[in-house]
Amino acid sequence: MLKKIAVFASGNGTNFVALQQAIIDRSIPAEITLLVCDQSLAPVIKKAQDLQVPVLVVNFHDYATKTAAEQIILTALQRAQVEVILLAGYMRIIGATLLTAYPHRILNIHPALLPKFPGRHGIEDAFQAGVSETGVTIHYIDAGVDTGQVIDQRVVPVLSTDTIESLATRIHTVEHQFYPDVLQSLINEGAI
Ligand SMILES: Nc1nc2c(c(=O)[nH]1)N[C@@H](CN(C=O)c1ccc(C(=O)N[C@@H](CCC(=O)O)C(=O)O)cc1)CN2
Ligand SMILES: NCC(=O)N[C@@H]1O[C@H](COP(=O)([O-])[O-])[C@@H](O)[C@H]1O
């Protein structure tokens, strides 16, 4: 049976594309049955359409509460029979509605070595801090922000010649291999 996955994204969607491509290329026993996006103009939407992945766009400003918006998302997840949620540049805090429905089944990728440099600007914060190495973290989501159980991390060196852009490019390259690696391992282990 294929593990049914939803990807949540708010931006470019390169991790979403990397996951979908890896599922195909490596025959990972999974299927992305829904792409959820909270930004109606995000480039990830067209990428999903081009890959024939169903898309749900939820503009949170249309709802009085996060709970109301997440209830709409949950209904679509249930209709798509989603078992696991992968956040990939999703810039919303996951609330109780989805955390309760998907306990220990929501993963996030973060472009720093948590607990260092949490939040929305992990790459920039590490670069500004002048560290010699940073990296990528994949963790379970909990009620806190970037506080969930770490699943795995990969170190990325910061070169003396780096700009924020060159560091970001190196980090994204690692992400695009790492997220599929972790997904494949967790499915093979029966962990998700
Ligand atoms: N429950 C959790 N949700 C999310 C986590 C998490 O660890 N637990 N990780 C984040 C990713 N993220 C940084 O790593 C992050 C994303 C968004 C925010 C934030 O303050 N978002 C605001 C709204 C932003 C907007 O208006 O567009 C919010 O939702 O209140 C902080 C950190 C993904 N979700
Ligand atoms: N705080 C979470 C966070 O910063 N996530 C980061 O957003 C980017 C999304 O890129 P993408 O839209 O091209 O996949 C990725 O680098 C991911 O690590």
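Here the structure is shown first, and the text comes after it.
Quantities reported herein were computed from a predicted structural model and do not represent experimental measurements. (Residues numbered from 1 in each chain as written. Chains lettered and ligands numbered in written order. Predicted model: local features only at pLDDT ≥ 70, side-chain atom pairs only at ≥ 80, totals over all residues. Heavy atoms only, no water.)

### Details of the sheet that holds strand S2 (residues 30-37)
The condition that has to hold: Each pair of strands is called paired provided DSSP finds at least two bridges between the two strands. Counting from the N terminus, the helices are the DSSP runs of H or I reaching at least four residues and the strands are the DSSP runs of E reaching at least two. Under this scheme, a helix contributes an axis fitted over its contacting stretch, all axes are lines through C-alpha atoms, and angles between N-to-C directions fall in the 0 to 180 degree range.
Sheet architecture is open: seven strands sit in the order S3-S2-S1-S4-S5-S6-S7, paired in mixed fashion. Every interior strand has two partners, whereas the edge strands, strand S3 (55-57) and strand S7 (150-157), have only one. If you compare each strand with its neighbour and ignore which way they point, the axes differ by 20° on average. Here seven bridges tie strand S6 (residues 133-140) to S7, and the two strands are oriented antiparallel to one another.

### Re the site of ligand 2
Selection criterion: Note on terminology: near, applied to a residue and a molecule or strand, indicates that one of the residue's heavy atoms is within 4 Å of it. In protein, a polar contact means a hydrogen-donor-capable atom and an acceptor-capable atom, both N or O and within 3.5 Å, with residues adjacent in sequence counting only if both atoms are side-chain atoms; elsewhere, any N or O pair within 3.5 Å suffices. Only protein atoms enter the 1 Å grid used here, on which a cavity is any set of points holding a 1.4 Å probe that cannot leave and a pocket is any open set flanked by protein within 12 Å on both sides along at least five of seven lines; residues with an atom within 4 Å of a point are listed as lining. In this description, a molecule resides in a pocket or cavity if more than half of its atoms sit within 2 Å of the grid points defining it. Residue polarity is assigned by list, with Asp, Glu, Lys and Arg as charged and Ala, Val, Leu, Ile, Met, Phe, Trp, Tyr, Cys and Pro as nonpolar; anything else, Gly included, falls into the polar class.
Close contacts around ligand 2 come from Asn-12, Gly-13, Thr-14, Asn-15, Gly-89, Met-91, Ile-109, His-110, Pro-111, Gly-119, His-172 and Glu-175, and that covers them all. Within the contact set of ligand 2, an oxygen atom lies 2.8 Å away from a backbone nitrogen or oxygen of Gly-13. His-110 is positioned such that a nitrogen or oxygen atom in its side chain is 3.4 Å from a nitrogen atom of ligand 2. Spatially, ligand 2 is embedded in the largest pocket. Mapped by element, the contributors of at least two residues to the shell around ligand 2 are helix H1 (14-25), strand S5 (106-110) and helix H6 (164-188). Within the shell around ligand 2, the residues separate by chemical class into three nonpolar, eight polar and one charged.

### A few points about the nonpolar core
Under the convention used in this document: In this description, a nonpolar core means a group of buried Ala, Val, Leu, Ile, Met, Phe, Trp, Tyr and Cys residues linked to one another through side-chain atoms lying within 4.5 Å. To sort residues, take the accessible area from a 1.4 Å probe on protein chains only and compare it with the maximum for the residue type: under 20% means buried, over 50% means exposed, and anything in between is partly exposed. Contacts: residue pairs with any heavy atoms within 4.5 Å of one another.
Counting 38 residues, the largest nonpolar core has Val-7, Leu-35 and Leu-86 as its most contacted members. Among the elements of the structure, strand S1 (3-9), H1, S2, helix H2 (43-50), strand S4 (84-87), S5, S6 and H6 are those that each provide at least two residues to this core. Per-element tally for this core: the top contributor is H6, with nine residues. Sequence-distant contacts of Leu-35, defined by excluding residues within four places in its chain, comprise Val-7, Ala-9, Phe-16, Val-44, Ala-48, Val-53, Pro-54, Val-55 and Leu-56. Core analysis: the next-biggest nonpolar cluster, separate from the first, contains 23 residues, Phe-8, Val-58, Phe-60 and Leu-98 among them.

### A short note on the pattern of salt bridges
Short version of the rule: Each reported salt bridge corresponds to a side-chain nitrogen of Lys or Arg within 4 Å of a carboxyl oxygen of Asp or Glu.
Taken as a whole, this structure holds seven salt bridges when the rule is applied. We note a salt bridge from Glu-31 to Lys-4, for which the minimum N-O separation is 3.7 Å. Of the two residues, Glu-31 sits in strand S2 while Lys-4 sits in strand S1, which places them 27 residues apart along the sequence. Here Glu-31 falls in the partly exposed class, since its relative accessible area comes to 34%. With a closest N to O distance of 2.9 Å, Asp-181 and Arg-154 form a salt bridge. Highlighted residues: Asp-181 in helix H6 and Arg-154 in strand S7, separated in sequence by 27 residues. Residue classification places Arg-154 among the partly exposed residues on the basis of a relative accessible area of 30%.

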